[in-house]
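Coordinates in review
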Amino acid sequence: DRMRYRLRAFGLDLPLSRPLPEISAALAATYPADASGIRIFCDQAEAIGRALDNPGGERERQLLGQAASTPARNYLKDLILTPAPRRVLGSIGTHEPYSGLTLLAAMWRLMTRDGIWLPAGGMGAIGDGLLAAARSAGAQVRLGVPVAAIRVKDGRAEGVTLESGEEIAAAAVVSNADYKTTFLRLIADENLSDEFFQAVFFARQTGSCLQVALGLDPAKVDLSAFDDCDRVIHRRLEPGPPPDWRALELDPVALAGEELELGLWSRPGADGPGAALVIRVPAEYNHFTRYRIVPYTRLPAYADYKEKLAAALIAEAETALPGLAAAVMVKDVATPLTFEERGGRSAGSIAGWSWDFESGSDPEPRELVRTPIAGLYLAGCQAFSGLFLGGVPTAALSGIRAAEYALAGAGPQTPTLPS
Ligand SMILES: Cc1cc2nc3c(=O)[nH]c(=O)nc-3n(C[C@H](O)[C@H](O)[C@H](O)COP(=O)(O)OP(=O)(O)OC[C@H]3O[C@@H](n4cnc5c(N)ncnc54)[C@H](O)[C@@H]3O)c2cc1C
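The structure displayed is predicted, hence computed values, not measured ones. The residue count restarts for each chain, going from 1 along the sequence in the order it is written. Reporting of local features is limited, given that this is a predicted model, to residues whose pLDDT is at least 70; pairs of side-chain atoms are given and counted only at 80 or more, and all residues count toward the totals for whole chains, interfaces and linings. The basis for the side-chain values is all heavy atoms of the structure; hydrogens and waters are excluded.

What follows covers the sheet that holds strand S9 (residues 208-216). Backbone hydrogen bonds are what pair the strands of a sheet, in a parallel or an antiparallel way. The mixed open sheet is built from 7 strands, whose spatial order is S3-S2-S10-S11-S12-S9-S13. The open sheet has two edge strands with one neighbour each: strand S3 (12-15) and strand S13 (328-334). Direction aside, the axes of adjacent strands within the sheet are offset by 20° on average. In this scheme, strands are said to pair when DSSP sees at least two bridges between them. Only DSSP runs of H or I covering at least 4 residues are called helices, and only runs of E covering at least 2 are called strands; the numbering of each starts at the N terminus. Bridge count for strand S2 (residues 5-9) against S3 is 4 bridges, and the pairing is antiparallel. In this analysis, axes come from line fits to C-alpha atoms, helices being fitted only over the stretch in contact, and the angle between any two N-to-C directions falls in the range 0 to 180 degrees.

Spelled out as structure tokens, the structure:
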């Protein structure tokens, strides 16, 4: 199913999963003083999108080269003077533009033309399908068995050691853990050059989030905001001061004034009598680390703190979904620590390498599947320098590449990582 997005912020109620010219026309009508800048941006984004589809020609290459070296922030600042349309077009949301122009155009193409899709049977269906295919081809799959180390001898991967201490010898190792986990945690640093170790250490990743997953009694909540969409990008009209991530505790109301994603993950009737809602807000990893002294444990204050933050997010979401708080039957709150420990993502990062312009912007994402260690290949969304197909499809493609390299016995290569 295609996920349909809507933006409800700045007093706008704008469907986003529509052709870009429609979005351009709606914004131009609302902000006539910026109408020409809005049209120019949307035309340019479409031209970059077409060049990404067919990058072969001289003109396309030139356009992509220029776009890759242009921060969206710089491009938009003189083009669209009113903050609301500049932020909407510059971030597909409510933030000031932060990425390069190519990535922004690619994300608009995804949102407005190609679509963001949920696989039939839900996200788990992809893993289940791969598992069944691997087993029927004779693979032995062991789940819930963490790898403690990748063993390297004379610059070559020779197997893994499990947390139980069991050793498995292998002609090739494909790591689906991210770059930082693989090279900073699983491989002893004497196997890496100082230069490569530092490149991995300092490379920036996308941020993390706080997520409230709710099971709802649909009789008690008005879900009509989702009548013609599945995801709402929501921000209150007067957000107030931003949360202070360096404070010991955040002001929950300030956190709820940030951009929220409200997602209806199951509708009553389709998957059963209940409804499932997920509320997400960007959250900083370092703010939460003080609640963990020993891995997989939390200090007692953590649970209360999460509850306080979740209550403020639910209260804010209730302005769009009347009756929400009283409809909650089940609640689960995840922080960046949860995404790190349960999801195996370093610092709880959601979508791989940083999307900020300053972190590097390639006209064509570079492949980072081969590594400086012979026989070790990386699979996953960080195995390319950018998410050119979206997170999950990019990760899937990297798995195919890693398998091809492993079968061919491709030699080591030190990739240039995003900075
Ligand atoms: C809240 C959220 C929303 C997202 N929304 C979208 C979206 O709408 N569209 C999209 O395309 N992407 C989205 N993403 C990103 C998407 O989840 C990732 O791009 C994708 O999962 C990356 O796949 P991967 O294989 O690289 O990593 P993962 O899916 O993280 O898989 C890595 C696996 O390695 C395992 N692992 C790690 N360390 C070890 C170890 N030591 N031993 C054994 N196993 C280990 C982990 O447990 C995990 O199963 C979202 C992510 C989050 C968190």
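That was the structure; now back to the text.
In plain words, nonpolar cores are sets of buried Ala, Val, Leu, Ile, Met, Phe, Trp, Tyr and Cys residues tied together by side-chain atoms within 4.5 Å. Residue burial is assigned from relative accessible area. The probe radius is 1.4 Å, only protein chains are included, and a residue is buried under 20% of its type maximum, exposed over 50%, and partly exposed in between. Core analysis: the largest hydrophobic core is formed by 38 residues, its most contacted members being Leu210 and Ile279. Among the secondary structure elements, those contributing two or more residues to this core are S9, helix H10 (252-256), strand S11 (260-266), strand S12 (275-283), helix H11 (285-288), helix H12 (301-318) and helix H13 (324-327). For this core, the leading source of residues is H12, giving 8 residues. In this view, Leu210 contacts Leu255, Ile279, Arg280, Val281, Ala283, Phe288, Leu309, Leu313, Val333, Ala334 and Thr335; residues no more than four positions away in its chain are not counted. By size, the runner-up hydrophobic cluster in this structure holds 33 residues, among which are Leu14, Leu16, Phe41 and Ala45. The contact rule is simple, with two residues in contact once any of their heavy atoms fall within 4.5 Å.

This brings us to the pattern of salt bridges. A side chain with one charge may pair with a side chain of the opposite charge, provided their charged atoms come close. By salt bridge we mean one thing: a side-chain nitrogen of Lys or Arg within 4 Å of a carboxyl oxygen of Asp or Glu. Throughout the structure, instances matching the rule amount to 26 salt bridges. Between Asp53 and Arg113 there is a salt bridge; the shortest N-O distance is 2.7 Å. Within this pair, whereas Asp53 is found in helix H2 (residues 35-53), its partner Arg113 is found in helix H6 (residues 101-114), the two being separated by 60 residues in sequence. The class for Asp53 is partly exposed, based on a relative accessible area of 34%. For the salt bridge of Glu96 with Arg86, the shortest nitrogen-to-oxygen distance reads 3.0 Å. Here the residue Glu96 occupies a position in the loop between helix H5 (83-91) and H6, and Arg86 occupies one in helix H5, the gap between them amounting to 10 residues. A relative accessible area of 31% means that Glu96 is categorised as partly exposed. Owing to a relative accessible area of 13%, Arg86 belongs among the buried residues under this scheme. Within the structure, one salt-bridge network assembled from shared partners comprises Arg6, Arg8, Asp13 and Asp228.

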